[in-house]
Amino acid sequence: MLRITVSSSLHRLSLFMASDKPQRLHQIAGTNFQTTTKRARTMTTATLTTTDSAMKEAFSKYAEYLNNLNDKRERVVKASRDITMNSKKVIFQVHRLSKYNKVEVLEKAEKDLAAVTNQYVSRLVKELQGTDFWKLRRAYSPGIQEYVEAATFCSFCKNGTLLKLDEINSTLLPLSDPSLQPLQINILDYLLGLADLTGELMRLAIGRISDGELEFAEKICSFARDIYRELTLVVPHMDDSYDMKTKMDTMLQSVMKIENACFSVHVRGSEYIPLLGSNDPSSFLVGIPDIEL
Amino acid sequence: MQFMKPAFRNGFHCYTVSRSLLFTLNPNPFFASSFRPISRFSSSMATTDDSSAPALSLEKQFGEFRTQLEESGTLRDRIRTVVSEIESTTRLMYASILLVHHSRPTPELFEKAKIQIHVLKEKYELLADILRECPGQYYRYHGDWRSETQSVVSMLTFMHWLETGQLLEHKQAEEKLGLNSLEFSLDVEDYLVGVCFMSNELPRYVVNQVTAGDYDCPRKVLKFLTELHAAFRMLNLRNDFLRKKFDGMKYDLRKVEEVYYDVKIRGLTPNGESVGNQGTEGQS
């Protein structure tokens, strides 16, 4: 047993060196990478007995494949995380809007979103070629979902309509090299992103009601309802509908929250709405008893 | 408290408004004069009417999604039909290979299993045909044939080892199944998992061969499995299924070592001197 462990640790050492080198070099130059792996392979076989070198030879190929794949997956995950983070910032920016600063806030949000597209989504585009698009979907899906959420949220606040998948995809076209296959967001990620959108819409609607923008809130309400209704028809056909089913439940919750808020205003609030628009909230607040504060 | 009020009001007025709007009915009669029942809402009704055009386009987009998803659903159903045929073929093949546990392996036994390989090859051809309809989406449906393919690989490698004493390489496995097209190939990780499955079969094989009187078998298996285990250690695995399967391989190795030890200690090996290096290592 002792000899086994000694030889195996030796082995591991040589492997470690072998696998470490290509990883580091491979980003600098592709040609370098090739030669190092070859050298590495001869290095590995040199330490071994000749009987099993065929198997080792084959396995060093698999090792190379797995290393490349894992590196790529890691890069994709990182890009996805960056997209998530920065898309969240865009969403927060949109939430900063009020009746008076709508234009500036949305302009800034759109600028930020464009920066996300150019800086981070473009990184994904470079990694995902051919079959990788589906193979690594799990690695990048969260980022893309968040991106879809940010883009649709932004566009709804600006135009009041749903940003379509085709429209998002057409903004991604210029990112990739014309010779390469362009990255196109797939339906599944788009729908998953839309499902998250309702949560943001709910927050926005509550905020707008507090701000007295009831028309806007009503509009959000009917928009969220439409999305929910359309999604109920599509979800059963989705590949991995488990994820989506839980999202549908939260979505219904959000839609109901918006509806309830609209209902409350409708039933009880209509008395003092005109005053809210009058830019003079202090006169109205005088009437509220201290206990309310 | 009085002097606090204005500041409080400015800072929190949003909050109080929302609270009072949502949860309290303001009783102050002052506001009754400005009470305009549902006028706001009637105007907002008008806006929903305005948005009927986007609602239509919304419906259109989702309608398209539905047809596209339905199409991929029918494709998936077709794939599953073929995969279930692959699975039943594999089961037949497995049943005939299991006979190696009953006695020493015979050429007839392999012949029977090899017929199934041809059937499998045809099935994979069918699968490749289906996937040719959606280029680049191999991995979208990969999960549907993944585990079945892993068992196929384990079967093929086991048979190949029984016949030649060598490990069937990835490329050879692809050739056996006719999977050398660019669109449909054998995933390397599936191949490796299949090899791990095959190693699970070896302890049982060793035990039964020794019982059947082949005392040299443990040495051969041990040598092969030690090599295989060492080769697997060359891979940088992630914490995934393959890693788990590989971790299980050491138990197979240990079991085979034990059998070899049992045979050796009782002097049952054909001639003790000719035992290979690997064997001695494993024994101590």
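Everything numeric here is computed off the predicted structure, so don't read it as measured data.

Analysis parameters
Residues numbered from 1 in each chain as written. Chains lettered and ligands numbered in written order. Predicted model: local features only at pLDDT ≥ 70, side-chain atom pairs only at ≥ 80, totals over all residues. Heavy atoms only, no water. Helix = DSSP H or I, 4+ residues; strand = E, 2+ residues; numbered from the N terminus. Buried < 20%, exposed > 50% of the residue type's maximum accessible area, 1.4 Å probe, protein only. Contact = heavy atoms within 4.5 Å. Domains from an automatic or database assignment. Buried area = accessible area lost by both parts, 1.4 Å probe. Salt bridge = Lys/Arg side-chain N within 4 Å of Asp/Glu carboxyl O. Polar contact = N/O pair within 3.5 Å; in protein donor to acceptor, adjacent residues only side chain to side chain. Nonpolar A, V, L, I, M, F, W, Y, C, P; charged D, E, K, R; others polar. Axes fitted to C-alpha atoms, helices over the stretch in contact; angles between N-to-C directions. Parallel < 35°, antiparallel > 145°, perpendicular 65-115°, else oblique. UniProt positions renumbered as here; feature names shortened; annotations may be inferred. Expected span 1.5 Å × (residues − 1). Core = buried A, V, L, I, M, F, W, Y, C linked by side-chain atoms within 4.5 Å. 1 Å grid on protein atoms, 1.4 Å probe; cavity = no way out; pocket = protein on both sides within 12 Å on 5 of 7 lines; lining within 4 Å. Points joined across faces, edges and corners; volume = space filled by probe spheres on them. Disulfide = S-S within 2.5 Å. Left-handed = near helix turned anticlockwise from the far one by under 90°. pLDDT = per-residue confidence, 0-100. Phe/Tyr/Trp six-rings, centres within 6.5 Å; stacked < 30°, edge-to-face > 60°. Lys NZ or Arg CZ within 6 Å of the ring centre and 35° of its normal.

A closer look at the overall build of chain B
Looking only at helices and strands, chain B has 10 helices and zero strands in total. For chain B, the succession of helices and strands along the chain, N to C, is α-α-α-α-α-α-α-α-α-α. Across the 284 residues that make up chain B, the buried fraction comes to 45%. Relative to all contacts within chain B whose residues are 6 or more apart in sequence, the contacts with residues 24 or more apart total 75%.

Focus on the overall build of chain A
Along its length, chain A carries 12 helices and zero strands. Each helix (α) and strand (β) of chain A, taken in turn from the N terminus, gives the series α-α-α-α-α-α-α-α-α-α-α-α. Counting the 293 residues in chain A, one finds 52% classified as buried. Of all intrachain contacts in chain A linking residues separated by at least 6 positions in sequence, the fraction that spans at least 24 positions is 74%.

Side note on the domain arrangement of chain B
How large an interface is tends to be reported as the accessible area lost when its parts come together. Residue and element names in this part refer to chain B. When cut into domains, chain B gives domain 1 (73-164 + 171-177) and domain 2 (190-268). When domain 1 packs against domain 2, close to 1,700 Å² is buried across both sides, 65% of that on carbon and sulfur atoms. Summed over the three residues of domain 1 that lose the most area to domain 2, namely His101, Gln150 and Trp161, the buried surface amounts to 42% of that side. For Arg146, the salt bridge is made with Asp190, and the minimal N-O distance between the two is 3.3 Å. At the surface where domain 1 touches domain 2, the tally comes to seven residue pairs in polar contact (both at pLDDT 80 or more). Sorting elements by how many residues they give to the side of domain 1 that touches domain 2 places helix H5 (residues 138-164) first, with nine residues. By residue class, the composition of the side of domain 1 that touches domain 2 is nine nonpolar, six polar and two charged.

What about the domain arrangement of chain A?
All names here are of chain A. Domain annotation of chain A identifies domain 1 (64-185) and domain 2 (187-270). Put simply, the middle of domain 1 and the middle of domain 2, counted by C-alpha atoms, are 22 Å apart. On the side of domain 2, 23 residues touch domain 1, which itself brings 26 residues to the contact. Of all residues in domain 1, Gln145, Glu149 and Phe156 bury the most surface against domain 2, accounting for 27% of the area lost on that side.

As for the packing of helix H4 (residues 107-132) of chain B against helix H6 (residues 170-177) of chain B
Residues and elements named next belong to chain B. As a packed pair, H4 and H6 sit with axes 8 Å apart at the nearest point and diverge in direction by 85°. Taken together, the axis directions place H4 and H6 in an arrangement best described as roughly perpendicular. Here H4 contributes Ile117, Leu120, Lys121 and Tyr124 to the contact with H6, which in turn contributes Glu175, Lys176 and Leu177. Among the residues making up the contact of H4 with H6, the classes are represented as four nonpolar, no polar and three charged.

Quick look at the environment of A:Asp112
Residue and element names in this part refer to chain A. Looking at the secondary structure, you find Asp112 in helix H4 (residues 102-127). The spacing of Asp112 and Gln93 is 19 residues in sequence and 8.9 Å in space, taken between C-alpha atoms. Other than its neighbours up to four places away in sequence, Asp112 contacts Val90 and Gln93.

Here we look at the UniProt feature "coiled-coil region" (unreviewed entry) in chain A
The feature "coiled-coil region" (unreviewed entry), as given by UniProt, occupies residues 55-82 of chain A in the numbering adopted here. The span residues 55-82 of chain A is 100% helical and 0% strand by assignment, and the distance between its end C-alpha atoms comes to 40 Å.

As for the side chain of A:Thr84
Residues and elements named next belong to chain A. Tracing the backbone through its elements, the reader meets Thr84 in helix H3 (residues 53-95). Engagement of the side chain of Thr84 in a polar contact is seen with the backbone oxygen of Ser80, the distance being 2.8 Å. Setting aside chain neighbours within four positions, we find Thr84 in contact with Pro142, Gly143 and Glu146.

Section: H4(B)
Between the first and last C-alpha of H4(B) there are 37 Å, a value that for 26 residues agrees with the 38 Å anticipated at 1.5 Å per step. Buried residues of H4(B): B:Leu109, B:Phe110, B:Ala113, B:Gln116, B:Ile117, B:Leu120, B:Lys123, B:Tyr124, B:Leu127, B:Ala128, B:Ile130 and B:Leu131, and no others.

Let's talk about the nonpolar core
Ranked by internal contacts, the top residues of the largest apolar core, which has 152 residues, are A:Phe59, A:Tyr190, A:Leu191, A:Leu231, B:Leu192, B:Leu228 and B:Phe232. Element by element, the count of residues in this core is highest for H3(A), at 14 residues. Apart from the residues within four sequence positions on either side, A:Phe59 is in contact with B:Leu167, B:Leu192, B:Leu228, B:Ala231, B:Phe232, B:Met234 and B:Leu235.

Observations concerning the environment of B:Leu126
Tracing the backbone shows B:Leu126 in helix H4. Note: C-alpha distance between B:Leu126 and B:Arg254 (128 residues apart in sequence) is 41 Å.

Thoughts on the layout of surface pockets
Computed from the structure, the largest pocket encloses a volume of approximately 1,100 Å³. Around the largest pocket, the lining comprises 40 residues; the ones closest to its centre are A:Lys135, A:Arg138, B:Tyr139, B:Gly143 and B:Arg146. Mapped onto the lining of the largest pocket, the elements with two or more residues apiece are helix H5 (132-135), helix H6 (137-159) and helix H8 (187-210) of chain A together with helix H3 (52-97), H5, helix H7 (188-211) and helix H9 (241-265) of chain B. With eight residues, H5(B) is the single largest residue contributor to the lining of the largest pocket.

Here's the deal with the state of the cysteines
All names here are of chain A. If you walk through the whole model with that rule in mind, you get zero disulfides over all chains. You can see Cys221 has no disulfide; the closest cysteine sulfur is in Cys262, sitting 4.4 Å from it. Residue class for Cys221 comes out buried when judged on its relative accessible area of 3%.

Section: the packing of H4(B) against H5(B)
All names here are of chain B. Viewed as axis vectors pointing N to C, H4 and H5 meet at an angle of 160°, and their least axial separation amounts to 12 Å. Looking at the two axes, H4 sits roughly antiparallel to H5. Two packed elements cross with a definite hand, and for H4 against H5 that hand is left-handed. For the pair H4 and H5, the contacting residues are Phe110, Ala113, Lys114, Ile117, Leu120, Tyr124, Leu127 and Leu131 in the first and Tyr138, Tyr141, Trp145, Thr149, Val152, Leu156, Met159, Leu162 and Glu163 in the second.

Thoughts on the confidence of the model for chain B
Residue and element names in this part refer to chain B. When pLDDT is averaged across chain B, the result is 78; 76% of the residues are at 70 or more. Segment residues 1-51: pLDDT under 50, and 62 contacts once partners within four positions in sequence are set aside and those in other chains are kept. Counting contacts from residues 273-284, a segment whose pLDDT is below 50, to residues more than four positions away or on other chains yields 17 contacts. For this predicted complex, the interface confidence reaches an ipTM of 0.72, while the overall pTM sits at 0.73.

So, the packing of aromatic side chains
Aromatic rings in a pair are described by how distant their centres are and how their planes are angled relative to each other. Scanning the entire structure with this criterion turns up 19 aromatic pairs over all chains. Summarising the aromatic geometry, the rings of A:Phe156 and A:Phe223 are spaced 4.1 Å apart at their centres and angled 15° between planes, so their arrangement reads as stacked. You can see A:Phe156 sitting in helix H6 and its partner A:Phe223 sitting in helix H9 (residues 214-234), a full 67 residues away along the chain. The two residues A:Phe156 and A:Phe223 agree in class, both being buried. With a centroid separation of 6.3 Å and an interplanar angle of 50°, the aromatic rings of B:Tyr124 and B:Phe184 are classed as tilted. Taken together, the residues span a long stretch of sequence, with B:Tyr124 in helix H4 and B:Phe184 in the loop between H6 and H7 at a distance of 60 residues. An aromatic cluster of at least three residues, connected via ring pairs, comprises A:Phe59, A:Tyr62, B:Tyr191, B:Phe232 and B:Phe246. When the ring centre of A:Phe216 is taken as reference, the NZ or CZ atom of A:Lys102 above it lies at 4.3 Å.

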